[in-house]
Amino acid sequence: MRKFLTGLSEIREGGSYLRFLRMVRALANSGHDVRVFSTSTDRVKRPNVHWHQIGTHVPSFVKTGLFFLSFLPYVLYHVTFTKVRDIIAFGPVYASLLIPIRFFGKRYRIYCMVRGMLSDEYGYQERGGPLKMLVSFLERVGFSASDRIIVVSNTFGERIVKRYKVEKGKITHLPNEVPELGPEEVDSTFGKRVWGKDTPEKDLRLFTGGVITQGKNFEMLLTATQLFKIPFHICVAGKPAFASDKDYFKRLKTLVKDLGIEE
């Protein structure tokens, strides 16, 4: 049984945290021993998942600070005393914290799971200046320290290779999971019609769920509908992620009207 150790501090609704939980469950279901270091109370309950929660009764920003100060000592303890050899960093910034592991020899492997964005996209999150420069530097260090970089799309992997001069052989594409939806799992009339059995097979059905941010290029998806030659349905489920995304959300609604998409 291989022993994995992983951690995540930022806890909010959205795809990245759900991807983290699915990763932990998948490792546990495969029989691996998994140790998790997180600020989250939403833990995976498996006999072989050992969940260490940090910052139970303090504000979120304090939890994040505690996580960054404690993550490396936590990892060093386990690689020393519990024979952990594989560490999964859920993001290049976390991977950068593990650079001291490189002094312990090649028997330890660092896997970097890229959560879906890079520091050059922080502009629309109202983050910039020195913070953006610092995060960009830590990204470079994290990618350099990692033995394997795991991405959810080939395009994203190509961006990392081009921007950070990472060896292409270090990139592994692990596609996002696409759930099978049935009418009983959708609570809206529109959703049931889109995903129900009464929809003709020749129709094109597209679904995207998650926070609405400019970096996801929804306008490209909507504009591409003008090229479709068959009936289609698009269901976009989500809400603006940040205050700066509210205007973007309004522009998308206007675009829908301009393109003549009925629903």
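Details of the structure are given in the entry above.
I will try to describe carefully the structure that is included in this document. Everything numeric in this text was worked out from a predicted model, so none of it was measured.

Notes on the side chain of D86
- The topology assignment puts D86 in strand β4 (residues 86–89).
- Reaching out from D86, the side chain makes a polar contact with the side chain of Y111 at a distance of 3.2 Å.
- In contact with D86, other than residues within four places in its own chain, are R2, K3, F4, L5, R109 and Y111.

Points about the packing of helix α4 (residues 129–145) against helix α5 (residues 154–164)
- Where α4 meets α5, the closest approach of the two axes is 11 Å, and the angle between their N-to-C directions is 105°. Considered as vectors, α4 and α5 are oriented roughly perpendicular to each other. Facing α4, whose interface residues are S136, E139, R140 and F143, α5 presents I160, R163 and Y164.
- Here the residues of the contact of α4 with α5 sort into three nonpolar, one polar and three charged.

A look at the nonpolar core
- One finds F20, L98, F143, I149 and I160 to be the most contacted residues of the largest nonpolar core, which totals 48 residues.
- Considering every element that reaches this core, the biggest residue donor is helix α1 (residues 15–29), with seven residues.
- If we ignore the near neighbours within four places in the chain, the residues touching F20 are T6, G7, L8, V36, W51 and F90.
- Core analysis: the second largest hydrophobic core is formed by seven residues, F218, L222, L252 and I261 among them.

Details of helix α8 (residues 246–259)
- Taking 1.5 Å of rise per residue, the 14 residues of α8 would be expected to cover 20 Å, and the 20 Å separating its terminal C-alpha atoms lies within 8% of that figure.
- Those residues of α8 that sit buried are Y248, L252 and L255. Buried residues along α8 cover an arc of 60° about the axis, so they all sit on one side. Turned more than 90 degrees off the buried face of α8, the exposed positions are K246, K250, K253 and K257.

Points about the packing of aromatic side chains
- Under the defined criterion, the tally for this structure stands at 14 aromatic pairs.
- Summarising the aromatic geometry, the rings of F67 and Y94 are spaced 5.2 Å apart at their centres and angled 55° between planes, so their arrangement reads as tilted. You can see F67 sitting in helix α2 (residues 60–81) and its partner Y94 sitting in helix α3 (residues 92–97), a full 27 residues away along the chain.
- Taking relative accessible area as the criterion, F67 reaches 0% and is therefore assigned buried.
- Judged by centre distance (5.3 Å) and plane angle (55°), the rings of F143 and Y164 are tilted.

Analysis parameters
Residues numbered from 1 in each chain as written. Predicted model: local features only at pLDDT ≥ 70, side-chain atom pairs only at ≥ 80, totals over all residues. Heavy atoms only, no water. Helix = DSSP H or I, 4+ residues; strand = E, 2+ residues; numbered from the N terminus. Polar contact = N/O pair within 3.5 Å; in protein donor to acceptor, adjacent residues only side chain to side chain. Contact = heavy atoms within 4.5 Å. Axes fitted to C-alpha atoms, helices over the stretch in contact; angles between N-to-C directions. Parallel < 35°, antiparallel > 145°, perpendicular 65-115°, else oblique. Nonpolar A, V, L, I, M, F, W, Y, C, P; charged D, E, K, R; others polar. Core = buried A, V, L, I, M, F, W, Y, C linked by side-chain atoms within 4.5 Å. Buried < 20%, exposed > 50% of the residue type's maximum accessible area, 1.4 Å probe, protein only. Expected span 1.5 Å × (residues − 1). Arc of directions from axis to C-beta. Phe/Tyr/Trp six-rings, centres within 6.5 Å; stacked < 30°, edge-to-face > 60°.

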